[in-house]
Amino acid sequence: MSRPREDILGQESGEDCHVIDLMGFSDEILLHILSYVPSTDLVLSVKRACRKLATLCLDKSLTHTVVLHKDYQVSKDKVKQLLKEIGKEILQLNMAGCYWLPSSTIDHVLRCKNLVKLNLSGCHLTSLRLSKMLSVLQNLRSLAIDVNPGFDASQLSTECKATLSRVLELKQTLYTPSYGVVPCCTSLEKLLLYFEILDRSREGFILSGQLMVGESNVPHYQNLRVFYARLAPGYVNQEVVRLYLAVLSDRTPENLHVFLISAPGSFAETGATKNLLDSMARNVCLDALQLPKSWLNGFSLLQHVKFNNPFYFSFSRCTLSGLVQKVINGGKDLKSLTSLNLSGCIHCLAPDSFFRKAEDDIDSSILESLVVSCCNLRHLNLSAAHHHSSENLGKHLCQLLARLKHLLSLALPVCSITDGAANADKPPMQSVTNMLPQGFGKKARVGVQTYSRSVEQGHAKPQTSVFWTLLESLLLLESLELIGSNFSSAMPRNEPAIRNSLPACSRAQHVGDAEVAAISQLTYLRNLTLAQLPNILTGSGLIRIGAQCQHLRTLSLANLGMMGKVVYLHAFMDMLKYCKHLRDLRLEQPYFSANAQFFQALSHCSSLQRLCIISRNGTLQSDAVMSFMASCLEVIMCHMFTGESLTACKNLQQSIVRSFQAERPALNVVIFPLLHEDLTEVIRDVPMMHLDEITLFKSRVAEEPPNLWW
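Because the structure is a prediction, the values reported are computed rather than measured.

Here is what the cut-offs are and how they apply
- Residues numbered from 1 in each chain as written.
- Predicted model: local features only at pLDDT ≥ 70, side-chain atom pairs only at ≥ 80, totals over all residues.
- Heavy atoms only, no water.
- Buried < 20%, exposed > 50% of the residue type's maximum accessible area, 1.4 Å probe, protein only.
- Helix = DSSP H or I, 4+ residues; strand = E, 2+ residues; numbered from the N terminus.
- Pairing = 2+ DSSP bridges.
- Phe/Tyr/Trp six-rings, centres within 6.5 Å; stacked < 30°, edge-to-face > 60°.
- Arc of directions from axis to C-beta.
- Contact = heavy atoms within 4.5 Å.
- Axes fitted to C-alpha atoms, helices over the stretch in contact; angles between N-to-C directions.
- Parallel < 35°, antiparallel > 145°, perpendicular 65-115°, else oblique.
- Nonpolar A, V, L, I, M, F, W, Y, C, P; charged D, E, K, R; others polar.
- 1 Å grid on protein atoms, 1.4 Å probe; cavity = no way out; pocket = protein on both sides within 12 Å on 5 of 7 lines; lining within 4 Å.
- Points joined across faces, edges and corners; volume = space filled by probe spheres on them.

(A) View of the pairing of strand E13 (residues 409–413). In terms of burial, E13 is a largely internal element, 5 of the 5 residues being buried. Going residue by residue along E13, you find Ser409, Ala411 and Pro413 tucked away on one face and Leu410 and Leu412 tucked away on the opposite face as well. Strand direction decides the pairing type here: strand E12 (residues 379–381) and E13, joined by 3 bridges, are parallel. Pairing of His379 across the sheet is with Ser409, part of E13. Inspection of the sheet shows E13 paired to strand E14 (residues 479–483) by 5 bridges, in the parallel sense. Each bridged residue has a counterpart across the sheet, and for Ala411 the counterpart in E14 is Glu481.

(B) The packing of aromatic side chains, seen in detail. Going through the model one piece at a time under the given rule, you end up with 16 aromatic pairs. A centroid spacing of 5.1 Å and a plane angle of 70° characterise the contact between Tyr179 and Tyr244, whose relative ring orientation is edge-to-face. Note that Tyr179 is positioned in the loop between strand E5 (169–174) and strand E6 (190–195) and Tyr244 in helix H9 (residues 235–250), a separation of 65 residues in sequence. An identical accessibility class is assigned to Tyr179 and Tyr244; each is buried. Ring centres of Phe487 and Phe697 lie 4.8 Å apart, and the angle between their planes is 70°; on these two criteria the pair is classed as edge-to-face. Of this pair, Phe487 sits in the loop between E14 and helix H17 (513–518) while Phe697 sits in the segment after helix H24 (688–695); the two residues are 210 residues apart in sequence, bridging distant segments of the chain.

(C) Structural context of helix H7 (residues 127–134). Taken together, the buried positions of H7 are Ser127, Leu130, Ser131, Met133 and Leu134. One side of H7 holds all its buried residues, which, seen down the axis, span an arc of 170°. Those residues of H7 that are buried are in contact with strand E3 (117–119), strand E4 (142–147) and helix H8 (158–165).

(D) Region of interest: the packing of helix H18 (residues 540–548) against helix H19 (residues 569–576). At their nearest, the axes of H18 and H19 sit 8 Å apart, and the two run at 5° to each other. As the angle between them shows, H18 and H19 are arranged roughly parallel. Counted together, Ser540, Leu542, Ile543, Ile545 and Gly546 of H18 and Ala571, Phe572, Asp574 and Met575 of H19 form the full contact between these two elements. The residue inventory of the contact of H18 with H19, partitioned by class, reads 6 nonpolar, 2 polar and 1 charged.

(E) Local environment of empty space enclosed by the protein. Taken as a whole, this structure holds 7 cavities of 30 Å³ or more when the rule is applied. Empty space within the largest cavity amounts to approximately 90 Å³. As for the largest cavity, its lining consists of 13 residues, of which Ala490, Asn559, Glu588, Pro590 and Arg616 are closest to the centre. Of the voids in this model, the second largest cavity is the one considered here, and its volume is about 60 Å³. Lining the second largest cavity are Phe313, Phe315, Val324, Val327, Leu334, Leu337, Leu340, Leu342, Leu370 and Cys374. In terms of residue class, the lining of the second largest cavity is made up of 10 nonpolar, no polar and no charged.

(F) Region of interest: unusual backbone geometry. Even without glycine at this site, Tyr591 takes up a positive phi of about 60°. With respect to the helices, strands and loops of the structure, Tyr591 is situated in the loop between strand E17 (584–588) and strand E18 (593–594). For Tyr591, a relative accessible area of 42% puts it in the partly exposed group. Although it is not a glycine, Ala702 sits at a positive phi angle of roughly 55°. With respect to the helices and strands, Ala702 occurs in the segment after H24. What makes Ala702 buried here is its relative accessible area of 5%.

Here you go:
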């Protein structure tokens, strides 16, 4: 029999119980609490709880902006009911990445006639549906869409084009050569272009970058303030983006202040692009700049371009020496700079006209000048280069970066955090093994490293560790990446899987468990990437991170310790028991055995939503995967690329989909042999949101300017 309510509330004599009634809070406090509740839950559930909540849930502060992005439980029926009840109140609607919703869901957006901002990136959208929808949304000023094969601009109605003519901000992801709706947007001030066009069709035909007949309308850039283009690998993407740039080269908009082009590999400069850069140097004043590395073949642009209050620079993969000196010594005020990407700039911290070898030390005076000039940096990326420090007192890279007190995200090469050249002559394990905690009364067997399962017995701060000191100074850091200078993922995009990888830098051999333990100081850490740390012996530092970094949401580990054996597995499984709020896990490790013990530990991550395992010669235990999926109800993405046979992979994938798809509408499962020749064909069907954010490895610090899109 259940206890009386009086007993439950502690009303018996002698008991002193304090009951908290949420409804007694002020409306302001309740509105703040409700702002963390998904819009679908607010309108379809919470609103029906009582009269007060019914009123508060319809407050303009909660209904003006509706975000369905990463609301993985939302269905077509829920969207229909939501928009039916509050559609007229919505001013901003974000449905980005809702790939699981059928295209007919878009029809219900017609109810939101007062929309000002609409994000449909990653949603299924045809030309006719777009036309019908935009014909009604006459107040729209910001739009994000995908342009897929079959898009036909001639199907857009006059009313639709009238709406597009008033759009000020456009984000367009292209999966086929097309101008999309750009020619219709005659008032554009911000244009973001993502080129995801493959060089070959599904049938194997080679695609052309020439635009189809009837789409050669001239884009209107006269009011443009922000131009951003991000290219996936492939020559077709380069051909198409040149067509978008052709108009800019003829007449550069006077109000242009952000110009960003992110292109992997070689993207040759042409006469038209050279004219564009010369025109920019003469006529515009920029606040943000990013160019392909091949376009930075001289310093004329950097020396002559004018900057107002620059907030973002990216010179990713630029190989010129003296780059930082030219930027700093140009007489520009860089205190406004908040984000700087120098990833892959192997000579950026070397003097002009001095091409250093990988093993040479950096010029610490250049880095010091950078720190002084850019003292308000929030995001800094120095990865994919060998930034070795000398033994000059107080001039180590970590000591200089410790002055940047405002840093929120930081990417460093592993070899840059060693204590200096003095370690180069020491055996790789010496700096770590002396600090490894030993078992109580047990003798460690030869060849088997032990570690303490107790968080309190973790590594103490080494007296001379510059990396510990750096992290002590950056306690507000939210994102940290430590990536080996020679690291390359086993699964690049649009190419077969890589079978061999370059060895780690010799200085990286001195970065091990003690340095990993230092990361546990970062109480507010949300995103952590560790790649190519060969001297991980036990992984004991991971346990401290799991226990003390309770805000951790995204974890990416790749090639830790010896490649032939996963030496850190037991410590990693102990770490997972603490990761109650972890949402994304990416694990790339050869010979990884995803067995029942691993998945049992992973089941402690009750908030996990996305899992990606990449393991050359790795194995899977199918029944363990099924048990894990049944226990972790939030998981909606399961990508596993291992050494299992094609038959075993297909059977497991089908079992997961058959068992869980109905309950999890957003479920995306890809289980496939890593070294199979058809891997690239399988990858092309992965939703772009998952592919870009977790499946493909890349450095994400300062990848784009902050708040590039709403």
